[in-house]
Amino acid sequence: GVLLYHMLTGQPPFQAPDGNIVALMYQHLEKTPPSLQAFNPNLSAAIESVVIKALAKQPDDRFESARALALAFQSAVERSEPVDWPLTHTKIPQPPTRTETLPPTPPYAREPGTTEVATRSLLRRPRVLIALLLLIALAAALTLLNQPDRRQVPIPVVIADMTGTAETVQPDEAMIAQAQAVLGADGFIAYITCNTTSEYHARQAREMGDFAAAYGLDYRVYDSDNSMARQIPLIERARVEGAVGLMVCPLDPDLLDETLRDVDQADVPLVLMNGDMQSYGGVLIAGDDYLMGLAAGRAAGQIIRDERDGQARVVVLDYPDLPQIVTRADGLVDGVLEFAPQAEIIGRYLGGTAENGQRSIASLIADEVAFEAVVSINDAGAFGAIEALAAADFAPDSVIVTSVDAEALAREYIARGYFMRASVDVGRERFSRAGVDAMVLLLASEPLPEKILVPPGDVVGG
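Residues numbered from 1 in each chain as written. Predicted model: local features only at pLDDT ≥ 70, side-chain atom pairs only at ≥ 80, totals over all residues. Heavy atoms only, no water.

**Things to note about the packing of aromatic side chains**
The cut-off we apply is this: Centres within 6.5 Å are what make two rings of Phe, Tyr or Trp a pair, Trp counting through its six-membered ring; a difference in plane orientation under 30 degrees is then read as stacked, over 60 as edge-to-face, and the rest as tilted. Only runs of H or I of at least four residues qualify as helices and only runs of E of at least two qualify as strands under DSSP, and these elements are numbered from the N terminus. Note on classification: 1.4 Å probe, protein chains only; a residue is buried when its accessible area is under 20% of the maximum for its type, exposed when over 50%, partly exposed between these limits. The criterion for a charge sitting over a ring is simple: Lys NZ or Arg CZ within 6 Å of the ring centre, and within 35 degrees of the ring normal.
On inspection of all chains with the given rule, the structure shows 4 aromatic pairs. Considering the side-chain rings of Phe-371 and Phe-394, the 6.3 Å spacing of their centres and the 15° angle between planes classify their relative orientation as stacked. Of the two residues, Phe-371 sits in the loop between helix H14 (354-366) and strand S9 (373-376) while Phe-394 sits in the loop between helix H15 (379-391) and strand S10 (400-404), which places them 23 residues apart along the sequence. Judged by relative accessible area, Phe-371 falls into the buried class, the value being 6%. When its relative accessible area of 28% is taken as the criterion, Phe-394 is described as partly exposed. Ring geometry for Tyr-413 against Tyr-418: centres 5.1 Å apart, planes inclined by 55°, an arrangement best described as tilted. The exposure class of Tyr-413 is buried, given its relative accessible area of 14%. Given a relative accessible area of 22%, Tyr-418 falls into the partly exposed group. By the ring-pair criterion, three or more aromatic residues cluster together here, those being Phe-383, Tyr-413, Tyr-418 and Phe-419. When the ring centre of Phe-63 is taken as origin, the NZ or CZ atom of Lys-53, which lies over that ring, is 4.6 Å away. Above the plane of the ring of Phe-188 lies Arg-220, whose end atom (NZ or CZ) is 3.8 Å from the centre.

Pasting the structure below:
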């Protein structure tokens, strides 16, 4: 990292007046290096981020190997605008193969003891020796790397502020062939998941892989495991490893802003499985979240009207970090009150995952808060709620639970009458196909609307 910084800026990252080694050591331990762009405005933010990571104070925050550093640096250079720098190129000789024979050392004329004196002089300058050894190691690592194919990826054509439907986004054979050509032998499509623990997201990741395989396209999954912070390094890792197109299930759009701006600037084909965010030059795959929630809420409202004379205290399981999910929760509330206007919405509580749903409902039970219905933005949160209800010995018919997703377990619970009474099929497979189809068209440089709407499915149960 120090050598890269020096080579790119013309000076080391830290300097001490009068060669004060203690001051220099303090800066290395405590100070952040000055911005590279302050000394060399030709450098891109991507290149600077690689060097700064290599200079991280904690070893675990740096690259795990010279190869990883070299790949990241090469990727950053390729994603940067070309500039005419006044560079002096020095060719590094390739190491000989096993079948070659090194030429004999030329008989240089030396004064007696010259070699020993030079060696002692070098050893008295440890920083020079360390720098030389590091430079040799970095050069060797770069030499050993296999150079990837430099394919030309067409610039995606996305029509801003235009909305289309999934039915209109279907590639033909010529478009599929073009996408295959763009990926080449080692390119692939990367999918950065929200998680692979819920049935919905796990099946969606698998379905996308099936659709990509049917098109003859390499596809790889990078699992965020519900970690918002993890998505940023996963996106960067996918790009370093050769991803030509990115598909992302964003957990926190605001947190991903800088990373997705970089993706946009590099003209990387991008599909976002979220319709309520900035597109960053890509395509948004969206369902009507309000209608999904409205359908699940209506199902609960009708049951409350028919079985409880319209009277019930209702818990809403929400996920406030995602605006489109909040919109879905709004639909839940409106749907309940449409058919059971006398119902009482006692509050919105954290759901979205089984763990969140279980904790929220268990806490309400522990606080002796009475309720007769739970409406959830997804099945995962509902499953956690049911777990808490069962653990507290609630009778399966004592609480009405409705939700969105219509996963297999939800369908089983509905059939058994085990708490769950209805769930809305969001058309997950349609989402999966629409995402892959959109990526194929982006790779083929076909024009696409900025947002593609996927219609919701039917209500199961109710």
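**As for the state of the cysteines**
In a disulfide, the sulfur atoms of two cysteines are covalently bonded to one another. Using the following cut-off: Only a pair of cysteine sulfur atoms within 2.5 Å counts as a disulfide in this structure description.
Counted under the stated rule, the structure contains 1 disulfide. The disulfide bridge from Cys-194 ends at Cys-249, spanning 2.0 Å between sulfur atoms. Around the S-S axis, the bridge from Cys-194 to Cys-249 shows a dihedral of about -85° and counts as left-handed. Of this pair, Cys-194 sits in the loop between strand S2 (188-192) and helix H9 (199-214) while Cys-249 sits in the loop between strand S4 (243-248) and helix H11 (257-265), placing them 55 residues apart in sequence. As far as the burial class goes, Cys-194 and Cys-249 line up, both buried.

**Quick look at the confidence of the model for the chain**
The condition that has to hold: Values of pLDDT, the confidence the predictor places in each residue, fall between 0 and 100. Residue contacts follow a heavy-atom distance rule, with two residues in contact if any of their heavy atoms lie within 4.5 Å.
Counting all residues, the mean pLDDT for the chain is 84, and 81% of those residues have values of 70 or more. Within the model, the stretch residues 85-123 combines pLDDT values under 50 with 11 contacts to residues more than four positions away or in other chains. Throughout residues 146-150 the model reports pLDDT below 50, and contacts reaching past four residues in sequence, or to other chains, amount to 5 contacts.

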